[in-house]
Amino acid sequence: MILKALRDWRERRAVERRAIPDALWQLTLLRYPFLAQRSEADLAELRRLCSLFLERKEFHGVNGFEVTDEVAVAVAAQACLPVLKLGLGWYDGFVGIVMHEGEVVAQRRYEDEDGVVHEYDEELAGEAMEGGPLMLSWNAIAVSNDPAQFGVDEVFNVVIHEFAHVMDMRDGLADGVPPLEAAERERWIEVIDAEWARFCERVDAGEPTLIDPYGAEAVEEFFAVAVEAFFVAPAAMRSEEPAMYALLAGFFRQDPAST
Ligand SMILES: [Zn+2]
């Protein structure tokens, strides 16, 4: 009891210290309409989690990019949505968030069958690695909800995508299966494998999909892009991918299409 009281007190102090000013909070909701459509109770909890997130994480701007309060709150608000009912403990595995203004350049290295090592740079909107840091491009975040860039019917949200990877990798593996109880895990694999196969067929057939077709690359990517659609366009996701919607609603303990 004493420990819990101490933890609650520390959390309250942190929330006060990192309180998000009203004007900035309203601006963030305006910019990310999928946040604004949540209930009052959800938004109050989201705002509280954001303060704790800002207290626990360290932002670093690369090449002179300035991580303003606006940038930090935009990341925090979107990152905290998936863990709204699960708690920030899911993100305990890392502290640093590296912010780039433009593309994130990741150095890749692989050895081919002749033993020759190849090194090259890959440009990304963001990248999550086990143990962190998490890397994000501000430009990619800023265009996330711009229909002119991504089409009204296609979801793109780099913050939710990378934090979905963080949750997936919490058990050490990026495999589209977050840590679950054994029985739940079996069912999860059954559903996601079947839904991913169906999704790949649709993408192969050139059908337009709400979920980013990038999900056809690998099952862990399918998980991350499905999570994006679940939070950004829940009603459309529920009608297009009812089985994935139900799986994610159970996992996140949220039903955003019904609120
Ligand atoms: Zn990814």
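Basis of the calculations
- Residues numbered from 1 in each chain as written.
- Predicted model: local features only at pLDDT ≥ 70, side-chain atom pairs only at ≥ 80, totals over all residues.
- Heavy atoms only, no water.
- Pairing = 2+ DSSP bridges.
- Helix = DSSP H or I, 4+ residues; strand = E, 2+ residues; numbered from the N terminus.
- pLDDT = per-residue confidence, 0-100.
- Donors = N, O, S within 2.8 Å, 3.2 Å for Na, K, Ca; no water.
- Tetrahedral: all angles 85-135°; square planar, octahedral: opposite > 155°, others 65-115°.
- Axes fitted to C-alpha atoms, helices over the stretch in contact; angles between N-to-C directions.
- Parallel < 35°, antiparallel > 145°, perpendicular 65-115°, else oblique.
- Contact = heavy atoms within 4.5 Å.
- Nonpolar A, V, L, I, M, F, W, Y, C, P; charged D, E, K, R; others polar.
- Buried < 20%, exposed > 50% of the residue type's maximum accessible area, 1.4 Å probe, protein only.

### Here we look at the pairing of strand 3 (residues 104-111)
Step number 1: Both strand 3 and strand 4 (residues 117-124) contribute to a ladder of eight bridges, which runs antiparallel. Its bridge partner being in strand 4, Q107 is matched across the sheet by D121.
Step number 2: From the end of strand 3 to the start of strand 4, which pair antiparallel, there are five residues, and G115 there has a positive phi angle of about 80 degrees.

### Looking at the confidence of the model for the chain
Step number 1: Within the chain, residue pLDDT values average 92, and 96% of them lie at 70 or more.
Step number 2: Predicted confidence in the chain is weakest over helix 7 (residues 147-150), with a mean pLDDT of 52, and strongest over helix 12 (residues 242-252), with 98.

### Overview of the coordination of the zinc ion
Step number 1: Summarising the metal site, the zinc ion is bound by the protein donors H161 (NE2), H165 (NE2), E221 (OE) and E221 (OE), whose distances to it range over 2.1 to 2.8 Å.
Step number 2: One can describe the site at the zinc ion as irregular: its four donor atoms subtend angles covering 51 to 145 degrees at the metal.
Step number 3: Written as a sequence motif, the donor arrangement for the zinc ion is H-x3-H-x55-E. Taken together, the positions of H161 and H165, both in helix 8 (residues 158-168) and four residues apart, correspond to about one turn of that helix.

### Some thoughts on the packing of helix 1 (residues 2-17) against helix 4 (residues 40-56)
Step number 1: Helix 4 packs onto helix 1 with a crossing angle of 90 degrees between their chain directions and a minimal axis gap of 8 Å. Put simply, helix 1 runs roughly perpendicular to helix 4. Within the contact between the two elements, helix 1 uses E11, A14, V15 and R17 and helix 4 uses R48, S51, L52, E55 and R56.
Step number 2: Its residues assigned to classes, the contact of helix 1 with helix 4 comprises three nonpolar, one polar and five charged.

### Side note on the pairing of strand 2 (residues 96-100)
Step number 1: Most of strand 2 is tucked away: five of the five residues are buried.
Step number 2: Here strand 1 (residues 58-61) pairs with strand 2 via four bridges, running parallel. Each residue of the ladder has a partner; that of F59, found in strand 2, is I97.
Step number 3: Of the strand pairs in this sheet, strand 2 and strand 6 (residues 134-137) are connected by four bridges, and their pairing is parallel. Residue pairing across strands places H100 opposite S137, the latter belonging to strand 6.

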